[in-house]
Amino acid sequence: MAGSCLFSYRTIKYVVTNDKKVGILYRVLQLSIIGYVIGWVFLTKKAYQETEEAVQSSVITKVKGVATANTTDSGMGFWGPEDYAIPPQGGSVLFIVSSYIESPNQTLRSCPESPQVLDGHCSGDEDCQKGVKVVAGHGVKSGRCLREDQNSKGTCEIHGWCPVENHSASAKTLLSDAENFTILIKNFIHFPKFSFSKSNIDNTTDASYLKKCHYHEVRDPYCPKFLLGDITRRAQHNFTDMASLGGSIGILIVWDCDLDKGINSCLPQYHFKRLDLNLSNTKGYNFRYTRYYKDANGKDYRTLYKFFGVRFEVMVYGRAGKFSIIPTVINIGSGLALMSGGVFICDLVLLFLSKNRNAYRERKYEAFRDEDRKEGQNLAVLTS
């Protein structure tokens, strides 16, 4: 019996049934599969194309705008792009100062450590071992504990850049008009598989085009110049709220290029999202920066800035597609294979759910016996 099953052969037998319900189900399944293949696979997903997502990209940024800031220590100050844009030469990651805390005229001498530094607290000179660096502090301990009286706690005297930064100060010094700074984002892409290159800036003969335009999805899609306030609004945040403590915004440039439609259909799409989590203990973004100078006597001075601002990260994603016969044939074959799914489902209905399932099963599955083969041979002899 096992040998007969092993070397037996099964062929398809077609049985026609006039069950209208099953017939309607079969046509519905056929139309659904055809609609899926044409509508989703070919029209939506464009499975007839050969695609490439390994885009080669270069990003160059340039910031324009001037601002003033008035402080009690330095008075009125003037800030240009070379002052508030870091790094000033531009790149895919750019930091723009929106506010700052200034500690001017620091010199190398002895002074009290900041009360905000825990390792600088002391009750006596024995807590300030000479020559030991203050952990997360501003200098080296001198061996003295500076206190207002004998019953109070004080801070260790240190040797470093004094006076130390005032950690309790808040960033109230804002750069005026920082919301109106403009960022120009130049992006050049290349898809090596298709030898296709493009830029997000239109190749125009108008030399003043980039000086007077601003990005608009319909009116100026090839003008990648944005106001700082517009970027924060597109990221669904308010610039004033981010200016005091800072933050991080991601700028995603998406190139979805259908090369069958021509080069003009390949337009960049810009998406903006705030990346830093708005947690109470890690809110905002800041870092410190110093500027050094000497007086007439050659003594070194420096001004310490604690900068708050917005950190921009430009990320580029690209996908290009072009018609190719190979994926077209493969997906057509896959669609034809899916058509057999309708037959399979209708057979299940007829074999297990219909009222005449026993009769249908007898007619669909028929074994060709040895007696039938002999009768066929005898019939062939008689007819000859």
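Per chain, residue numbering runs from 1 following the sequence as it is written. For this predicted model, a pLDDT threshold of at least 70 governs which residues receive local features, and a threshold of 80 or more governs which side-chain atom pairs are given and counted, while totals over whole chains, interfaces and linings are taken from all residues. For side-chain calculations, the full set of non-hydrogen atoms in the structure is used, while hydrogens and water are omitted.

Quick question: what am I supposed to make of the overall build of the chain here?
Strands are runs of DSSP state E lasting at least two residues, helices are runs of H or I lasting at least four, and both sets are numbered from the N terminus onward. Per the secondary structure count, the chain includes nine helices and 17 strands. For the chain, the proportion of its 384 residues judged to be buried stands at 37%. By the convention used here, residues are in contact when the closest approach between their heavy atoms is within 4.5 Å. Put simply, of all contacts in the chain between residues at least 6 apart along the chain, 68% involve residues at least 24 apart. Per-residue and other accessible areas follow the Shrake-Rupley method at a 1.4 Å probe size, with only the shown protein chains counted as cover for residues. Carbon and sulfur atoms form 55% of the exposed surface of the chain, whose accessible area is close to 24,200 Å². Buried, partly exposed and exposed residues are distinguished by accessible area as a fraction of the type maximum, computed with a 1.4 Å probe on protein chains only: under 20%, between the cut-offs, and over 50%, respectively.

Would you mind going over helix α2 (residues 20-44) with me for this structure?
An α-helix turns once per 3.6 residues; consequently, residues spaced three or four apart project the same way. An expected span of 1.5 Å times one less than the residue number is assigned to each helix. If you check α2, its first and last C-alpha atoms are 34 Å apart, about what 25 residues at 1.5 Å a residue would give, namely 36 Å. Every buried residue of α2 is listed here: Val22, Leu29, Gln30, Ile33, Val37, Val41 and Phe42.

Looking at this structure, how should I read unusual backbone geometry?
A negative phi angle is the norm for most residues apart from glycine, just as the trans form is the norm for most peptide bonds. Across the junction of Ile86 and Pro87, the peptide omega takes the value -5 degrees, indicating a cis bond. Considering the arrangement of structural elements, one finds Pro87 in the loop between β5 (85-86) and β6 (93-112). Although it is not a glycine, Ala136 adopts a positive phi angle of roughly 55 degrees. Tracing the backbone through its elements, the reader meets Ala136 in the loop between β7 (121-122) and β8 (139-146). By relative accessible area, which is 72% here, Ala136 ends up exposed.

Mind showing me how you'd approach the state of the cysteines here?
Here is the idea: a disulfide is a covalent bond, and it sits between the sulfur atoms of two cysteines. To count as a disulfide, a pair of cysteine sulfur atoms needs to be within 2.5 Å. Evaluated as defined, the whole model comprises five disulfides. A sulfur-sulfur distance of 1.9 Å marks the disulfide that ties Cys111 to Cys162. Around the S-S axis, the bridge from Cys111 to Cys162 shows a dihedral of about -75 degrees and counts as left-handed. Residue Cys111 is found in strand β6, and its partner Cys162 is found in strand β9 (residues 154-162); the two are separated by 51 residues along the sequence. Since its relative accessible area comes to 0%, Cys162 is described here as buried. A sulfur-sulfur distance of 1.9 Å marks the disulfide that ties Cys213 to Cys223. Note on the Cys213 and Cys223 pair: the S-S dihedral is about 85 degrees, so by sign convention the disulfide is right-handed. Of this pair, Cys213 sits in the loop between α4 (209-212) and β13 (225-227) while Cys223 is found in the loop between α4 and β13, placing the two residues ten residues apart along the sequence.

Hey, could you run me through the side chain of Asp347 in this one?
Among the secondary structure elements, Asp347 is positioned in helix α7 (residues 325-352). Accessibility expressed as a relative area gives 17% for Asp347, which makes it buried. Ignoring anything within four residues of it in the chain, the contact list for Asp347 reads Tyr360 and Lys364.

Before we go on, may I ask you to explain the packing of aromatic side chains in this structure?
A ring pair, where both rings are aromatic, is described by two values, the distance of the centres and the angle of the planes. Note on aromatic contacts: the rings of Phe and Tyr and the six-membered ring of Trp form a pair at centre separations within 6.5 Å, being stacked when their planes are under 30 degrees apart, edge-to-face when over 60 apart, and tilted otherwise. Enumeration according to the criterion identifies 19 aromatic pairs in this entry. Seen from their ring centres, Tyr100 and Phe307 are 6.4 Å apart, and the 85 degrees between their planes marks the pair as edge-to-face. Placement of the pair is Tyr100 in strand β6 and Phe307 in strand β17 (residues 300-323), with a sequence separation of 207 residues. Ring geometry for Phe226 against Phe272: centres 5.5 Å apart, planes inclined by 70 degrees, an arrangement best described as edge-to-face. Of the two residues, Phe226 sits in strand β13 while Phe272 sits in strand β15 (residues 268-274), which places them 46 residues apart along the sequence. The burial state of Phe226 is the same as that of Phe272; both residues are buried. The lysine or arginine in question, Arg291, covers the ring of Trp79, its NZ or CZ lying 5.4 Å from the ring centre. Any Lys NZ or Arg CZ that is within 6 Å of a ring centre and within 35 degrees of that ring's normal is treated as a charge sitting over the ring.

Help me understand the environment of Ala235, please; the structure alone is not making it clear to me.
Of note, Ala235 is situated in the loop between α5 (228-234) and α6 (239-245). We classify Ala235 as buried; its relative accessible area is 8%. Between the alpha carbons of Ala235 and Leu275 there is a distance of 9.6 Å; along the sequence they are 40 residues apart. Not counting chain neighbours up to four residues away, the residues in contact with Ala235 comprise Ile249, Phe272, Lys273 and Arg274.

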